[in-house]
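The chain contents come next:
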Amino acid sequence: MTVAPPPRPSFAPRHWLAWLGVGVYMAMAQLPWPLQRALGAVLGRLALWLAVSRRRAARTNLRLCLPELAETERETLLRANFRDVGIGLFEFARAWWGEISPLRASASIEGLEILERLRNQGRGVLLVSGHFMTLELCGRLLCDHITLAGMYRRYKDPVMEWAVLRGRLRYAYAMFGNRDTRAALRHLKGGGVLWYAPDQDMLGKDTVFAPFFGIPAATITATHQFARMTGCAVVPFFHRRDGGRYILRVGQPLDPFPTEDAVQDTSRVNAAIEAMVRDAPSQYLWLHRRFKRQPDGASRYD
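Residues numbered from 1 in each chain as written. Predicted model: local features only at pLDDT ≥ 70, side-chain atom pairs only at ≥ 80, totals over all residues. Heavy atoms only, no water.

Undergrad: Describe the packing of aromatic side chains, and please don't skip the residues or the numbers.
TA: Using the criterion set out here, one finds 15 aromatic pairs in the structure. Pairing Phe212 with Phe213 gives two aromatic rings, centres 5.0 Å apart and planes at 85°, and the pair type is edge-to-face. We note that Phe212, like Phe213, is buried. Considering the side-chain rings of Phe212 and Tyr284, the 6.4 Å spacing of their centres and the 50° angle between planes classify their relative orientation as tilted. Taken together, the residues span a long stretch of sequence, with Phe212 in strand 6 (residues 207–212) and Tyr284 in the segment after helix 11 (262–279) at a distance of 72 residues. With a relative accessible area of 2%, Phe212 lands in the buried category. Counting every residue linked through ring pairs, the aromatic cluster contains Phe132, Phe212, Phe213, Phe238, Tyr284, Trp286 and Phe291. (Phe/Tyr/Trp six-rings, centres within 6.5 Å; stacked < 30°, edge-to-face > 60°. Buried < 20%, exposed > 50% of the residue type's maximum accessible area, 1.4 Å probe, protein only. Helix = DSSP H or I, 4+ residues; strand = E, 2+ residues; numbered from the N terminus.)

Right under this line is the structure:
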């Protein structure tokens, strides 16, 4: 379990560029929120034109997942998505290193009584969400009300890993790397609450193909395995930005869960995340190549 950041990397020349980037990002976190939103929208428009491969991936994802929309509607959603990605970069920075007091008063949180009931039962809780741009900021807002740990993919760069982990541990009880499975299991067995998002292709061996928007998506079975090994409740956690305020919603536990069928359980998790995406499509991370692996070995991307 990580309750303190690792030792700070040195300021050796090989780290200078990383330290410069982190310093700029930390400075961005201190800007006024209206200015952050405005700059984020501009940054998103630039990324739409400069990040060619990601634009293609997002456009393909929208075509595959939302075929009911007209092409013009999907293009409008694509532009809105990149705008929200740009704003999301500032939301990440503010969550890690900034002040969120101005955002607390207008935040709306539903379903805290569900977590309280499960806590009184002595059960661990696995909060399942998707990769929305609001995930870090809304996770920090949720930490105002509950003791929350998280799972994350470690950064390869040691400076970024140190800075982000240091920021997250300002509000999270603990952070578990994606290989810290035993520590995460102990946390759940002890009645803790753990947040994670299983909606990306992790390229691991413990995956199944489960439908996501009706398309086979390689998905880790960790949700099924964690519930089976710890008896924890699996609870959907939805979050979105609505103008300048944030809406957080804790759902009812998936029940029955787990079953004996890992594919069935993983499909239910994907369906829950799909419902979240449909509620806030522009704020989802469509840039990820979610369907890069298919059962027939083909790729859905050009």
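Undergrad: So, the pattern of salt bridges: which residues are in play, and what are the values?
TA: Within this structure, the stated rule accounts for 15 salt bridges. Arg293 is paired through a salt bridge with Asp201; the nearest N and O atoms lie 2.8 Å apart. Taken together, the residues span a long stretch of sequence, with Arg293 in the segment after helix 11 and Asp201 in the loop between strand 5 (193–196) and strand 6 at a distance of 92 residues. Among the residues examined, Arg293 registers a relative accessible area of 27% and is labelled partly exposed. Of the charged contacts, one joins Asp242 and Arg245 as a salt bridge, the two residues approaching to 3.9 Å between their closest N and O atoms. For Asp242, a relative accessible area of 38% translates into the label partly exposed. Residue class for Arg245 comes out partly exposed when judged on its relative accessible area of 31%. (Salt bridge = Lys/Arg side-chain N within 4 Å of Asp/Glu carboxyl O.)

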